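# Topology and contacts: notes
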Amino acid sequence: MRINVNDRDYAVEVDGNPSLLEVLREQLDLTGTKYGCGEAACGACKVLINGTPTPSCITPATAAQGKNIITIEGLEKEGELHPVQKVLMEEDVFQCSYCAPGMILTAVALLENKQQLSEQEIIEGMNGNICRCCTYPKIVSALSKITQKDKA
Amino acid sequence: MKNERTKQEEKRAFENKIPGKGLSRRSFFKYMGAGIATYFVWTDYLASGILTTNEDNFPASDQLSSWIHLSASGEITVFTGKVEVGQNIRTSLTQVVAEELFLPVSSITLVMGDTQLTPYDRGTYGSLTTPQMAPILRKAAANLREMLLQQARQEWKLGEISLDMEQGMIQHPNNGKKLSYGDLAKGKNLLQKMDEDVPTIEPSKWKISGTSVPKVNGRDFITGKHRYVSDMVLPDMLYGKVLRPPVQGAKLKRANTDKAASIPGVQVVRDGDFIGVAAKNSRTAAMALASIEADWERSSQVSRDQLFDHLVSSAEKGETINPQVSRAFEEAAHKIEQDFEVQYIAHVPLEPRAGLAQWTGDKLEVWTGTQRPFGVQEELERAFNLPGEQIRVYMPDTGSGYGGKHTGEAGIEAAILSKATGQPVKVNWTREEEFKWAYFRPAGLIKVKGAASEQGITSWEFHNYNSGGAGIDLPYIGSNKHQEYHRSDTPLRQGSYRALASTANVFAMESTINDLAGKLGADPLQFRLNNLDNDRLEAVIKAAAVEFGWKRTKTNGNHGFGMACGAVKGGFVATFAEIAVHPESREMKIIKAVTAFECGAIINPRHLESQVTGCVLQGLGGALFESVDFKNGDISNAFLSSYRVPRFKDVPDMKVILVNRKDLPSSGAGEAPIVCIAPAIRNAIDDAVGVKINRLPMLPSGIVPEG
């Protein structure tokens, strides 16, 4: 089977019906996508499938066929970080950072095509992602910087 | 037990691991490459009297050695056995070294937690890195600086004059010439023992320490490039899985592994009661594991509903209590007797345990996320009956620990599978395995009898069953105190956790003190201040009280104010909370939480704030809703869908105040700030609706019970 990840086509094996997470990590060596719980409860494994943040741990790899998948490795464009990555790094948000890839991809989708988001909307949109180090307040304030900059 | 070594043997084994003892001058540079280096011997540090010693209990090795090396190309490499699990010590320790050497942080590399390259370290826990490792590295760096200055003076044939250093260059006083650190190290094999009295830079003059230097390798984490152990891959690596009992305490009777072995590419490994499988991917390994038919012999296990009775009935016999304590309690006009229950909770590090092992002949390499790489090396020595020199444990920066990764299970399992298959094997635990087969923060029962008058505490009897003795000392002035920790039989495997015992002890203590103030009709804040004799603790209480506005009038009758304070592991913390209890639904909502924290001179304000915020919010989980549910050996909420941890929506309006004491040595911050959130909320609920909730978690359903 072929899948498209970060604008590249890959041939992958789907014997035994592996999850998208397993295929990304074990066959494509894209280990930026993390395992956290295996039941879509923590958000560590989220990738963008046709732009929608999707837990790859419960998504069969076969379900990703014909779709565009973006992982954390695909966000950087020609050495330039995505604005979400940039602000989270500038604000020095993370501690252990294991949640970071899932957080970032969730935020990228949340902010896509939106000029403004209230703090409450950020909290609602990010609530499916767990940061066990509890850096939540800093994530919210960092994302607020790029979602509220155009406010009058 | 045959593996138990005597203290003397342990001490000898330990000394052998100290650089400067086993490591000769010649072998040092052969190993490190030419350059200039400074090293540190633990005995010197002890002799300096900075650390207290006790003959029966030789000093923890994490109080000890380290070294710094400058290469001919000007690179500074610092070696420490401490490890990075998100507390950002890779950054703060780099800052400390950069400060003394007048270098940007980018020119310094820290090698951490590699048992072959770094000095022995007992482990990264107990809030010890900042108070113990930072001063050593500071002095080692200062020593290297003095060696460089001496080399420059010799080079230029100058006397004992002072020279300016900047950004890795030393300036000639009058001819404008410059020497780089690398130039001075070229062709040299200069190794000097650290001078304990070397001058270091005063905190008031810090330029790099004391500032919010960003996480040194931050970009690697933001881009997904950093490889945690669970991400690592070696050529020909297999994925391993291990057969677990269905419940705690079950013993394997028999197992049929034929089906698993018949799956192409699967290797089954049996070694006594250990059964594992290895396959070319984790899906195949999981299917092979599931096809094993095993029979287990179950034994009766203590369940959650019997927990607290069990902890008391199985406790070791206590000390004799001075009759004066009981008499004072009997005679007191204002007194309280109450019990506090503390449930087991789980660390839930977002990266579950992971281990990768590779054998080359009789040499073993293991990569694993652990707070104790040298402890894991010792576990492997015992597991394989192999001398430590043949085992190398690496600890790449790991997806958190919180005290939950002191052990090496996944690394050992990977090593067993790797040995049997002859290929590298990685074992990544599932979330369920992490919940069921790691260890928990201890549960505990605390029995308190306290009495007070306007003059202070007149009797204080405090018994902690099972959750530990740390932080058990009442900080309030008073007489007739009896404070005791009783070891009990724990139904579940338990171990370290952020401020495990202090959280329980401070909860019981600060609740009871608050209740005593209430009995006396005193303001809980004023009662505390009147009865404390600790300037640092009083300072954080006052700082938090002002920010919180303790004296303001409540806007609503169903709101309550509560506070708590604590002095734990060199840190001083106070938390003030305002809560509201909904008049009909009885739902509790935190309106505001203010925490003030002081731990001496601040090395990195932003990262310190993260530690304090993280402690308070993680503490909120244990305070309000986290607990492990277990029945006859079965842990029934071993999933993130059934074990609730704090999320974005649980974050209250909160404020952290950092009190910077540049005149005091820096101490750690990963634990102390967790202890006050629970009692502050408990006291605020009591203030709002007169209900005293003496258990952790307090409100699993979010609803305050009727009084």
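Since we're looking at a predicted model, the values are computed, not measured.

## What to know about the sheet that holds strand β24 (residues 588–598) of chain B
Residue and element names in this part refer to chain B.
- Across the sheet, which stays open at both edges, the four strands sit in the order β22-β23-β24-β27 with mixed pairing between neighbours. Of all strands in the sheet, those with a lone pairing partner are β22 (559–568) and β27 (654–659), marking the two edges. Geometrically, the sheet is characterised by an average inter-axis angle of 15° between neighbouring strands, direction not taken into account.
- Here strand β23 (residues 571–581) pairs with β24 via 10 bridges, running antiparallel. Across the sheet, Val573 pairs through a bridge with Phe597, a residue of β24.
- Its contacts with the sheet put helix α19 (residues 677–689) on β22, β23 and β24, and the angle it makes with β22 is roughly 155°.

## Quick word on unusual backbone geometry
Residue and element names in this part refer to chain B.
- In the segment running from Leu696 into Pro697, the intervening peptide bond is cis, with an omega of 0°.
- Even without glycine at this site, Asn385 takes up a positive phi of about 50°.
- By secondary structure assignment, the location of Asn385 is in the loop between α12 (373–384) and β17 (391–394).
- A positive phi angle is found at Asn632, which is not glycine, with a value near 45°.
- You can see Asn632 is positioned in the loop between β25 (630–631) and β26 (634–635).

## Some words on the interface of chain B and chain A
- Taken together, the 60 residues of chain B in the interface contact 54 residues of chain A.
- Roughly 4600 Å² is buried in total at the junction of chain B and chain A, and carbon and sulfur atoms are behind 53% of that figure.
- It is Ile222, Leu350 and Phe648 of chain B that lose the most area in chain B upon contact with chain A, and together they represent 21% of the buried surface on that side.
- For the pair chain B and chain A, the interface holds 41 residue pairs in polar contact (both at pLDDT 80 or more).
- Mapped onto the side of chain B that touches chain A, the elements with two or more residues apiece are α7 (218–222), α9 (282–290), β18 (425–428) and α18 (605–624) of chain B.
- When residues of the side of chain B that touches chain A are assigned to their parent elements, the largest contribution, eight residues, is made by α18 of chain B.
- For the side of chain B that touches chain A, a count of residues per class yields 24 nonpolar, 23 polar and 13 charged.

## A few points about the domain arrangement of chain B
All names here are of chain B.
- With domains assigned, chain B is organised as domain 1 (7–221), domain 2 (229–298 + 363–428) and domain 3 (314–344 + 440–696).
- On the domain 3 side, the residues contacting the 23 residues of domain 1 number 16 residues.
- Among the residues domain 1 hides against domain 3, the three largest losses belong to Ser127, Thr130 and Ser212. Together they make up 33% of the total.
- Where domain 1 packs against domain 3, one counts seven residue pairs in polar contact (both at pLDDT 80 or more).
- Among the residues forming the side of domain 1 that touches domain 3, the class breakdown is eight nonpolar, 13 polar and two charged.

## Quick word on the pairing of strand β14 (residues 335–342) of chain B
All names here are of chain B.
- Of the two faces of β14, the one holding Ile336, Gln338, Phe340 and Val342 is buried and the one holding Lys335, Glu337, Asp339 and Glu341 is not buried anywhere.
- Judged from the eight bridges that link them, β14 and strand β19 (residues 444–453) form a sheet pairing that is antiparallel. From the neighbouring strand, Lys335 faces β19, where its bridge partner is Ala451.
- Sheet analysis places β14 next to strand β28 (residues 695–696), joined by two bridges and oriented parallel. By the bridge assignment, Glu341 is partnered in β28 with Arg695.

## Concerning helix α13 (residues 409–421) of chain B
Residues and elements named next belong to chain B.
- A rise of 1.5 Å per residue sets the reference length of α13, with its 13 residues, at 18 Å; its end C-alpha atoms lie 18 Å apart and thus fit the reference within 8%.
- The buried fraction of α13 amounts to 11 of the 13 residues, a majority that puts the element mostly inside the structure.
- Inspection of α13 places Glu409, Ala410, Gly411, Ile412, Glu413, Ala414, Ala415, Ile416, Leu417, Ser418 and Thr421 among the buried residues, and these make up the whole buried set.
- Count one or two residues on from α13 and you reach Gly422, which has phi positive near 75°.

## Examining the domain arrangement of chain A
Residues and elements named next belong to chain A.
- Along its sequence, chain A is carved into domain 1 (2–74) and domain 2 (83–147).
- Centre-to-centre, using C-alpha coordinates, domain 1 lies 21 Å away from domain 2.
- On the side of domain 2, 12 residues touch domain 1, which itself brings 15 residues to the contact.
- When the two sides are added together, the surface that domain 1 and domain 2 hide from each other amounts to roughly 1100 Å², 64% of it contributed by carbon and sulfur.
- For the pair domain 1 and domain 2, the number of links is zero salt bridges.

## Observations regarding the sheet that holds β17 of chain B
Residues and elements named next belong to chain B.
- Judged by pairing direction, the sheet is mixed, and its seven strands sit side by side in the order β11-β12-β9-β18-β15-β16-β17 without closing on themselves. Taken across any chain shown, the strands that pair with only one partner, and hence form the sheet edges, are β11 (267–271) and β17. Averaged over all pairs of adjacent strands, the angle between strand axes in this sheet comes to 25°, irrespective of strand direction.
- With four bridges connecting them, strand β9 (residues 238–242) and strand β12 (residues 274–279) associate as antiparallel partners. Residue pairing in the sheet places Val242 in a bridge with Gly276 of β12.
- Here α9 sits on the sheet in contact with β9 and β12, set at roughly 30° to β9.
- Lying over the sheet, α12 contacts β15 (354–360), β16 (363–368) and β17, oriented at roughly 145° with respect to β17.

Analysis parameters
- Positions within a chain are numbered from 1, following the residues in the order the chain's sequence is written.
- Written order determines the labels here, with chains lettered from A and ligands numbered from 1.
- With the structure being a predicted model, the display of local features is reserved for residues of pLDDT at least 70 and the display and counting of side-chain atom pairs for 80 or more, all residues being used for whole-chain, interface and lining totals.
- Derived side-chain values reflect all non-hydrogen atoms in the structure, with water molecules and hydrogen atoms excluded from consideration.
- If DSSP finds at least two bridges between two strands, the strands pair.
- Helix and strand definitions here come from DSSP, where helices need a minimum of 4 consecutive H or I residues and strands a minimum of 2 consecutive E residues; each element is numbered from the N-terminal end.
- Helix axes are fitted to C-alpha atoms over the stretch in contact, other axes to C-alpha atoms as well, and angles between N-to-C directions run from 0 to 180 degrees.
- Note on definitions: a residue-residue contact is assigned when non-hydrogen atoms from the two residues lie within 4.5 Å.
- What counts as buried area is the accessible surface, traced by a 1.4 Å probe, that two parts surrender upon association, with contributions from both included.
- Within 3.5 Å is the distance limit for a polar contact, defined as a pair of N or O atoms, with the added protein rule that one can donate a hydrogen and the other accept it, and that residues adjacent in sequence qualify only through two side-chain atoms.
- Residue classes follow a fixed rule: Ala, Val, Leu, Ile, Met, Phe, Trp, Tyr, Cys and Pro count as nonpolar, while Asp, Glu, Lys and Arg count as charged, and any other residue, Gly among them, counts as polar.
- Domain start and end points were adopted from an automatic or database domain assignment.
- With a 1.4 Å probe rolled over the protein chains alone, any residue whose accessible area is under 20% of its type maximum counts as buried; one over 50% counts as exposed, and the rest are partly exposed.
- Helix span, expected: 1.5 Å multiplied by one less than the number of residues in the helix.
- In what follows, salt bridge is the name for a side-chain nitrogen of Lys or Arg lying within 4 Å of a carboxyl oxygen of Asp or Glu.

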